[in-house]
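One letter stands for each residue in the lines below.
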Amino acid sequence: MIRFYTKNNCPLCEEAKALLDALNTNNILIEEIDIYQSDTLLEKYQLIIPVIAYKEKVVYGNEINIENISTLLSE
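These remarks concern the structure in this document. No experiment lies behind these values; they were computed from the predicted model shown.

### Some remarks on the pairing of strand β4 (residues 57–60)
Note that strand β3 (residues 51–54) and β4 share four bridges and pair antiparallel. Looking across to β4, one finds that V51 is bridged to Y60. Between the antiparallel neighbours β3 and β4 lie two residues, among them K55 with a positive phi of about 55 degrees.

### Some thoughts on unusual backbone geometry
A cis amide bond links I49 with the next residue in sequence, P50, at an omega value of 0 degrees. Secondary-structure assignment places P50 in the loop between α2 (39–45) and β3. Positioned with a positive phi, N9 is a non-glycine residue whose angle comes to about 55 degrees. With respect to the helices and strands, N9 occurs in the loop between β1 (2–6) and α1 (11–23). The backbone of K55 shows a phi angle near 55 degrees, a positive value even though the residue is not glycine. By secondary structure assignment, the location of K55 is in the loop between β3 and β4. Of the residues examined, K55 reaches a relative accessible area of 49% and is grouped as partly exposed.

Thresholds applied
In every chain, residue numbers begin from 1 and rise along the written sequence. The model is predicted, so local features are restricted to residues of pLDDT at least 70 and side-chain atom pairs to those at 80 or more, both for listing and for counting; the totals for chains, interfaces and linings are taken over all residues. Hydrogens and waters are ignored; side-chain quantities use all the structure's heavy atoms. Pairing between strands is defined by DSSP: at least two bridges between them are needed. In DSSP terms, a helix is any run of H or I states spanning at least four residues, a strand is any run of E spanning at least two, and both are numbered starting from the N terminus. The classification of residues rests on relative accessible area computed with a 1.4 Å probe and restricted to protein chains. Under 20% of the type maximum is buried, over 50% is exposed, and intermediate values are partly exposed.

See the structure below:
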């Protein structure tokens, strides 16, 4: 399962989600997690969302691009 950490009204999150959806050719289940639902998540990810986590790998905010998501999903 892919964990996608996001928040409302986040244009970067929307772009990242569209890219993730397009590159998720194996239809891996994506769990969207609003960081505002947890103080711990908010503190951890507030300045670096969106965050995509899959297996043991994580891609943060401005690192999210076609190449990095493709590498993440190919693991």
